[in-house]
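# Structure at a glance
Listed here are the chains, written in short residue letters.
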Amino acid sequence: MPERIVILTGSGISAESGISTFRDKGGIWSKYNVNDVATPEGFARYPKLVLDFYNMRRRIHKEVQPNPAHLALARLEREYPGEVLVVTQNVDQLHELAGTKNLIHMHGEVFRAWCMACDARCDWCDDLTPETPCPACKQTGSFRPNVVWFGETPYHMDVIADALAVASLFVSIGTSGTVYPAAGFVALARRSGARTVEINLEVSGGARHFDEFLHGPAGTEVPRFVERILAAR
Ligand code: OAD
């Protein structure tokens with residue numbers, strides 16, 4: 001019977017496309033205070049600082065292209081006879097640009113916006129300022145990037161939990177395994193009987209829960225791994 005595969009990706013999969021990771025040397029959290037720019041409290045206190053931070057990231061994300069790791073996961077979804085679900089913590093668009101369709105952005109998307117006043121959500125490619133009105137209700141001050149901040153609940157947790165419960169293979173790519181709930185997915189998948197594989201430049205926080213560790217850059221290791229899975233079917 002074809003396997004059901006759940007793949008968790010983190011910022012390491014986009015590093016070779018030119019997007020900074022968060023906790024590696026020189027990463028985003030060495031330059032910005034996470035409590036200021038990635039919490040609801042930070043947004044209440046410093047709205048312009050927070051919106052400028054995501055404006056900067058949106059501009060960077062407009063310039064980048066998928067790398068061989070994103071493309072290989074899209075190929076896996078196309079060619080594998082079973083179900084492949086990619087759950088990403090990344091707010092960039094690189095999985096979509098590569099062609100992945102069955103995709104969950106559990107931490108939201110920088111190219112979408114959300115109005116906390118009326119709950120409207122829409123695509124958003126431009127800069128946001130505290131004066132930008134929500135296109136739906138026209139209120140200002142509540143319109144923000146549709147990204148999940150610390151202290152907020154990630155999206156689609158029910159769908160992810162269901163997928164982990166029936167997964168036969170769980171693969172974690174380019175994530176440090178330090179931010180929950182994503183960091184707990186490997187243990188959940190393993191408890192449900194999944195084989196667990198990590199692809200990373202270094203051993204992550206959840207290392208003891210992985211059956212196999214593939215050491216190397218995602219752009220090299222993911223295409224090789226996908227080739228192996230497709231050849232074995
Ligand atoms: P981190 O910066 O915590 O971890 C990046 C991981 O990618 C590390 O384990 C690196 O070893 C690995 N890595 C770097 N380059 C790589 C490459 N070329 N190939 C393979 N692996 C590589 O980033 P995340 O784990 O994504 O959340 O962080 C998780 C969450 O914390 C993010 O979604 C974000 C952040 O704060 C929010 O903002 C809510």
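Residues numbered from 1 in each chain as written. Predicted model: local features only at pLDDT ≥ 70, side-chain atom pairs only at ≥ 80, totals over all residues. Heavy atoms only, no water.

The next thing to look at is the packing of aromatic side chains. Applying the stated criterion across every chain, the model contains seven aromatic pairs. Ring geometry for Trp 29 versus Phe 53: centroids 6.0 Å apart, planes at 25°, classification stacked. Remark: Phe 53 occurs in helix H3 (residues 47-63) and Trp 29 occurs in the loop between strand E1 (4-9) and helix H1 (34-37); sequence separation between them is 24 residues. Taken together, a centroid distance of 4.9 Å and an interplanar angle of 80° make the contact between Phe 53 and Tyr 54 edge-to-face. Residue Phe 53 is classed as buried on the basis of its relative accessible area, which comes to 2%. On the accessibility criterion, Tyr 54 (4% relative accessible area) is buried. A network of ring pairs unites the aromatic residues Phe 22, Trp 29, Tyr 32, Phe 43, Phe 53, Tyr 54 and Trp 149 as a single cluster. Positioned above the aromatic ring of Trp 149, the side-chain terminus of Arg 144 is 3.6 Å from the ring centre. (Phe/Tyr/Trp six-rings, centres within 6.5 Å; stacked < 30°, edge-to-face > 60°. Helix = DSSP H or I, 4+ residues; strand = E, 2+ residues; numbered from the N terminus. Buried < 20%, exposed > 50% of the residue type's maximum accessible area, 1.4 Å probe, protein only. Lys NZ or Arg CZ within 6 Å of the ring centre and 35° of its normal.)

So, about the sheet that holds strand E5 (residues 121-123). The strand order across the open sheet formed by three strands is E5-E4-E6, and the pairing between neighbours is antiparallel. Single-partner strands in this sheet number two, and they are E5 and strand E6 (143-147). The average angle at which neighbouring strand axes cross in this sheet is 40°, direction not considered. Taken together, the three bridges between strand E4 (residues 108-115) and E5 define a ladder with antiparallel strand orientation. Bridging from a neighbouring strand, Ala 113 pairs with Cys 122 of E5. (Pairing = 2+ DSSP bridges. Axes fitted to C-alpha atoms, helices over the stretch in contact; angles between N-to-C directions.)

This brings us to the site of the ligand. In the region of the ligand, 24 residues are neighbours, and Phe 22, Arg 23, Thr 175, Ser 176 and Asn 200 sit closest. Contact between the ligand and Ser 176: an oxygen atom at 2.5 Å from a side-chain N or O atom of the residue. The separation between an oxygen atom of the ligand and a polar side-chain atom of Asn 200 is 2.6 Å. When isolated, the ligand has an accessible area of 790 Å², and the protein chains bury 95% of it. (Near = heavy atom within 4 Å. Polar contact = N/O pair within 3.5 Å; in protein donor to acceptor, adjacent residues only side chain to side chain. Areas by Shrake-Rupley, 256 points an atom, 1.4 Å probe, with all protein chains shown as cover.)

Right, let's get into the domain arrangement of the protein chain. By a frequent convention, interface size equals the accessible area lost on bringing the separate parts together. Looking at the assigned domains, one finds that the protein chain contains domain 1 (1-19 + 65-107 + 154-233) and domain 2 (20-63 + 108-147). Contacts between the two partners involve 19 residues from domain 1, matched on the other side by 17 residues from domain 2. Of the roughly 1,300 Å² buried between domain 1 and domain 2 on both sides combined, carbon and sulfur atoms contribute 53%. Of all residues in domain 1, the largest losses of buried area upon contact with domain 2 belong to Ile 19, Val 91 and Tyr 155, amounting jointly to 45% of the total for that side. Remark: the boundary between domain 1 and domain 2 carries zero salt bridges. (Domains from an automatic or database assignment. Contact = heavy atoms within 4.5 Å. Buried area = accessible area lost by both parts, 1.4 Å probe. Salt bridge = Lys/Arg side-chain N within 4 Å of Asp/Glu carboxyl O.)

Of all five residues in E6, five are buried; the element is thus mostly enclosed. When E4 meets E6, the two strands line up antiparallel, connected through five bridges. Bridge assignment links Ala 113 to a residue of E6, and that residue is Pro 145.

Sheet strands pair via backbone hydrogen bonds, and the direction of the pair is either parallel or antiparallel. Overall, parallel pairing links the six strands, which are arranged E3-E2-E1-E7-E8-E9 in an open sheet. The open sheet has two edge strands with one neighbour each: strand E3 (103-105) and strand E9 (212-215). The mean angle between the axes of side-by-side strands here comes to 15°, regardless of whether they run parallel or antiparallel. Sitting on the sheet, helix H4 (residues 68-79) touches E1, strand E2 (83-88) and strand E7 (169-173), and the angle it makes with E1 is about 165°. Its contacts with the sheet put helix H6 (residues 157-166) on E1, E2, E3 and E7, and the angle it makes with E1 is roughly 130°.

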